[in-house]
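Residue-level structural notes
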Amino acid sequence: MAPVPIEACVAVRDITEPRLSMDRSSVGYVSSVSGRTDIVVQAIDATGAPIGLPRTVTDQPMPRAGRGHGGGCWCWSADAAAIVYAAVDGDLWWQPIDGATPTRLTRVGEGRAAQAPAVSSDGRFVAHVIDQTEVWSVSLADRVATRLDDGLADFCFDPAVAPGGDRVAWLEWDIPDMPWDAARIAVRTLADAHLVRHRPAHSVQQPRWMPDGSMLSVRDDRGWLNVWTEDAPLLDEPIEHAGPTWGLGQRSYVASPTGERVAFTRNEGGFGRLCVFDRADGSVTELGRGVHGQISWEGNLIAALRSGARTPPEVVVYDLSCRPPRRSTVAIAPTAGWDRAQLVEPELLEASASDGVVIPFRWYPAGSTESGRSAASRTICWIHGGPTDQWQVTFMPRIEYFRSRGWNIVVPDHRGSTGHGREFQQALEGRWGEADSDDVAAVLRSLHRAGTTEPGRTVLMGGSAGGFTALGVVARHPGLVRAVSVSYPVTDLVDLERRSHRFERHSVWRLVARPGETAAGDRRLRERSPVQLASLISVPIALAHGSDDPVVPVDQSRELADRIVAAGGRVDLVVYDGEGHGFRSPEHQRDDYRRTEAFLEFHVPAEPLQG
């Protein structure tokens, strides 16, 4: 396996939010590369196959893109002659598809942001959220704006307009909850301004209207995130139909235009499928394997964003008039070359924690090595962020970069990870910095006992919450790894609770403390912070952070580095100027790849072949 070049990883385009036009003549999607974001429209034929070349329909102001399966950036107009998009200037804009000059729809004011536009089916108004706390409508006739919420919710997401435009529903929740802890659906009747709230047992997301005016959503009342219709599960199964609500615009299911069928995603141990449920007979038909999201359905066509371990992100359209349904590829994210890489599907494995809890993890075997060198036992344990999240089996260039250099990759789903039901997800509550690091340690010990790898040839990686867990592993479980490479890690929980961004600042307490605790909770915030454990961290650390990170202040990494060095440890710290929570600049991405590879090769070099 030839080493994957850095440029192939850095040059990957991000594509998000594919949407079929109502007349089924086009698919639009958001394209982002090298700091530039555009909304692109691709003409398609009756089967969903692309016709001609795609057209970029936006220029200035630039759209504000979502990421992956999130979004809230744009929608079609009722007649598909224009789009409405959220721009980087904070306002919504009306952009005709024919390239005419765009029109500003809102004036929300400096420092504020309108997102998640939803045009009514009669074309009268656009519902949207402002600052993720207010729900508004703006008339397309005279630009008059009307606030729809009553100001009582701490967060509001994803407005959905009912058929006929008489009602608007949205998701809302209050601190200290995160949306996966507890949330509700609010419905505003526009004629009389009547507002009703629907509160399920636990969490809810993605409120959406059926053609007959009934409501669909995703709920976990029975322990798994399943699609529900009104107050009953559409399909009750121990499989997740959605991911956590980390941002606006997730679309993991969609009803057919007649309401007779519902397309939905399945998460099976991190692997994905797209299926269709027939409400008449209860049957389920598989459309395709792979992790799907951002689904839309018009006529006999379903569009989606699709990816897999061996499938770079692509916009696809399924033609349901064919038997079996035919899939056409409309757009592909990365540059050329990945089709020649030796990509592999991971193996789903399990380990047992000290208390008997089963910890799932995915194993990506190393690619073949260069002649004369053996690196088969070198292993990177890569911990996802969140911590309420999961790395599903999607295309991940960074994993393939290191696989092609002889590293095995293991991706654990510690307690608190999503995709395994509500009980497993909530099991981290009050135990962050303890259960997560213990679970990762259990996975490493199982690999060491099996002889798959050994402590001296194992390293930890993670970003954000994943970096926090990685640092917790080496402090709480010494002797399991040779080195650690972390990016923008959480290192000071007290500081995080005070200075992180609004969306998740309040979640820190819930993850570490327990209801009603004060003094004990404050103590745990300090005790589980890596800055307080610096003297226990004896392995080399590579540390990277953005200077303008709004989620985890860069001061946290600087303080951790100072304390580890003062205690006699080794830290290689780099701060990338102008970067936030994640590195967007291609120059910084290239440097991060090079630094990380050099760090790993120095501390865990490949060994000469025996004999």
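Quick caveat, the model's predicted, so the values are computed rather than measured.

Conventions used here
- Residues numbered from 1 in each chain as written.
- Predicted model: local features only at pLDDT ≥ 70, side-chain atom pairs only at ≥ 80, totals over all residues.
- Heavy atoms only, no water.
- Helix = DSSP H or I, 4+ residues; strand = E, 2+ residues; numbered from the N terminus.
- Rg over C-alpha atoms; globule rule 2.2 N^0.38 Å.
- Buried < 20%, exposed > 50% of the residue type's maximum accessible area, 1.4 Å probe, protein only.
- Contact = heavy atoms within 4.5 Å.
- Areas by Shrake-Rupley, 256 points an atom, 1.4 Å probe, with all protein chains shown as cover.
- Lys, Arg positive; Asp, Glu negative; His and termini not counted.
- Charge placed at Lys NZ, Arg CZ, Asp CG, Glu CD.
- Pairing = 2+ DSSP bridges.
- Disulfide = S-S within 2.5 Å.
- Phe/Tyr/Trp six-rings, centres within 6.5 Å; stacked < 30°, edge-to-face > 60°.
- Lys NZ or Arg CZ within 6 Å of the ring centre and 35° of its normal.
- Axes fitted to C-alpha atoms, helices over the stretch in contact; angles between N-to-C directions.
- Polar contact = N/O pair within 3.5 Å; in protein donor to acceptor, adjacent residues only side chain to side chain.
- Salt bridge = Lys/Arg side-chain N within 4 Å of Asp/Glu carboxyl O.
- Core = buried A, V, L, I, M, F, W, Y, C linked by side-chain atoms within 4.5 Å.
- Expected span 1.5 Å × (residues − 1).

So, about the overall build of the protein chain. Within the protein chain, the secondary structure is distributed over 11 helices and 38 strands. A compact globule built from 611 residues should have a C-alpha radius of gyration of about 25 Å, and the protein chain, at 24 Å, falls within 12% of that. Seen through its C-alpha atoms, the protein chain measures out along the principal axes to roughly 70 × 55 × 50 Å. Counting all 611 residues of the protein chain, 59% fall into the buried class. Within the protein chain, counting contacts between residues at least 6 apart in sequence, those at least 24 apart form 57% of the total. In the form shown here, the protein chain has an accessible surface area of approximately 23300 Å², with 49% of it arising from carbon and sulfur atoms. In the protein chain, which carries 64 positive and 79 negative side-chain charges, the distance between the mean positions of the two groups comes to 2 Å.

This paragraph deals with the sheet that holds strand E8 (residues 103-104). One open sheet accounts for 4 strands, arranged E5-E6-E7-E8; its pairing is antiparallel. In this open sheet, the two edge strands, each paired with only one partner strand, are strand E5 (74-76) and E8. Bridging between E5 and strand E6 (residues 82-86) involves 3 bridges; their strand directions are antiparallel. Across the sheet, the residue bridging to Cys75 is Val84, located in E6.

Attention shifts here to the environment of Gly123. Within the secondary structure, Gly123 is located in the loop between strand E9 (114-119) and strand E10 (125-130). Expressed as a C-alpha distance, the spacing of Gly123 and Pro455, which sit 332 residues apart in the sequence, is 62 Å.

Further remarks concern the state of the cysteines. Going through the model one piece at a time under the given rule, you end up with 0 disulfides. The cysteine Cys275 is free of any disulfide, with Cys322 supplying the nearest cysteine sulfur at 19 Å.

This part is about the packing of aromatic side chains. Throughout the structure, instances matching the rule amount to 15 aromatic pairs. A centroid spacing of 6.1 Å and a plane angle of 90° characterise the contact between Trp173 and Phe503, whose relative ring orientation is edge-to-face. Here Phe503 lies in helix H7 (residues 502-505) and Trp173 lies in strand E14 (residues 167-173), a separation of 330 residues in the sequence. On the basis of relative accessible area, Trp173 is assigned to the buried category, the value being 0%. On the basis of relative accessibility, which here comes to 8%, the residue Phe503 falls in the buried class. Each residue in the set Phe155, Phe157, Trp173, Trp180, Trp246 and Phe503 is aromatic and connected to the rest through ring pairs, giving one cluster. Above the ring of Trp228, the side-chain terminus of Arg219 is found at 4.2 Å from the ring centroid.

Okay, the pairing of strand E29 (residues 347-352) next. Where E29 lies against strand E30 (residues 358-364), 6 bridges are found, and the strand directions are antiparallel. Looking at the pairing, Glu347 lines up with Trp363 of E30. Hairpin connection from E29 to E30: 5 residues lie between these consecutive antiparallel strands, with Gly356 at a positive phi of about 90°.

Here we come to the sheet that holds strand E28 (residues 326-332). Strand order in the open sheet made by the 4 strands is E25-E26-E27-E28, with antiparallel pairing throughout. In this open sheet, the two edge strands, each paired with only one partner strand, are strand E25 (291-298) and E28. Between one strand axis and the next, the sheet turns by 25° as a mean value, whatever way the strands run.

On the secondary structure map, Ser26 appears in strand E2 (residues 26-33). The class of Ser26 is buried, set by a relative accessible area of 10%. A polar atom in the side chain of Ser26 sits 3.4 Å from the side chain of Ser25. Setting aside chain neighbours within four positions, we find Ser26 in contact with Arg19, Leu20, Ser21, Val41, Gln42, Ala43, Ile44 and Trp76.

Right, let's get into the pattern of salt bridges. Using the criterion set out here, one finds 44 salt bridges in the structure. Note that Arg104 is salt-bridged to Asp91, the shortest N-O span being 2.6 Å. In this pair, Arg104 is assigned in strand E8 and Asp91 in the loop between E6 and strand E7 (92-96), connecting sequence segments 13 residues apart. The class for Arg104 is partly exposed, based on a relative accessible area of 27%. Note that Arg147 is salt-bridged to Glu134, the shortest N-O span being 3.9 Å. Of this pair, Arg147 sits in strand E12 (residues 145-147) while Glu134 is found in strand E11 (residues 134-139), placing the two residues 13 residues apart along the sequence.

The subject of this paragraph is the nonpolar core. Counting 34 residues, the largest nonpolar core has Leu444, Leu460, Val484 and Ile541 as the members making the most contacts within it. Contributions of two or more residues to this core are made by E30, strand E32 (379-383), helix H4 (435-449), helix H5 (465-476), strand E35 (483-487), strand E36 (541-546) and helix H10 (555-566). In this view, Ile541 contacts Leu471, Val484, Val486, Ile564, Arg570, Val571, Asp572 and Phe599; residues no more than four positions away in its chain are not counted. Residues Cys156, Ala160, Ala169 and Leu171 belong to the second largest nonpolar core, which totals 30 residues.

Geometrically, the link from Arg323 to Pro324 is a cis peptide bond, its omega value of -5° lying close to zero. Mapped onto the secondary structure, Pro324 falls in the loop between strand E27 (311-319) and E28. Following Gly386, the chain continues into Pro387 via a peptide bond in cis, with omega recorded as 0°. Within the fold, Pro387 resides in the loop between E32 and helix H2 (397-403). In this structure, Ala80 is a non-glycine residue whose phi angle is positive, near 65°. Locating Ala80 in the fold gives a position in the loop between E5 and E6.

Extensive coverage of E9 is indicated by the burial of 6 of its 6 residues. Of the strand pairs in this sheet, E9 and E10 are connected by 4 bridges, and their pairing is antiparallel. For Gln115, the partnering residue across the bridge sits in E10 and is Val129. In this structure, the hairpin formed by E9 and E10 is closed by a connection of 5 residues, where Gly123 is found at a positive phi of approximately 75°.

A few words now on H4. With 15 residues, H4 ought to run about 21 Å at 1.5 Å a step, and its terminal C-alpha atoms sit 21 Å apart, in line with that. Summarising burial for H4: 13 of the 15 residues are buried, a large majority. One or two steps after H4, the chain reaches Gly451, where phi turns positive at roughly 80°.

Structurally, Glu110 can be placed in the loop between E8 and E9. According to the relative accessible area criterion, Glu110 is exposed, its value standing at 86%. Taking C-alpha positions, Glu110 is 37 Å from Ser417, a pair spaced 307 residues apart along the chain.

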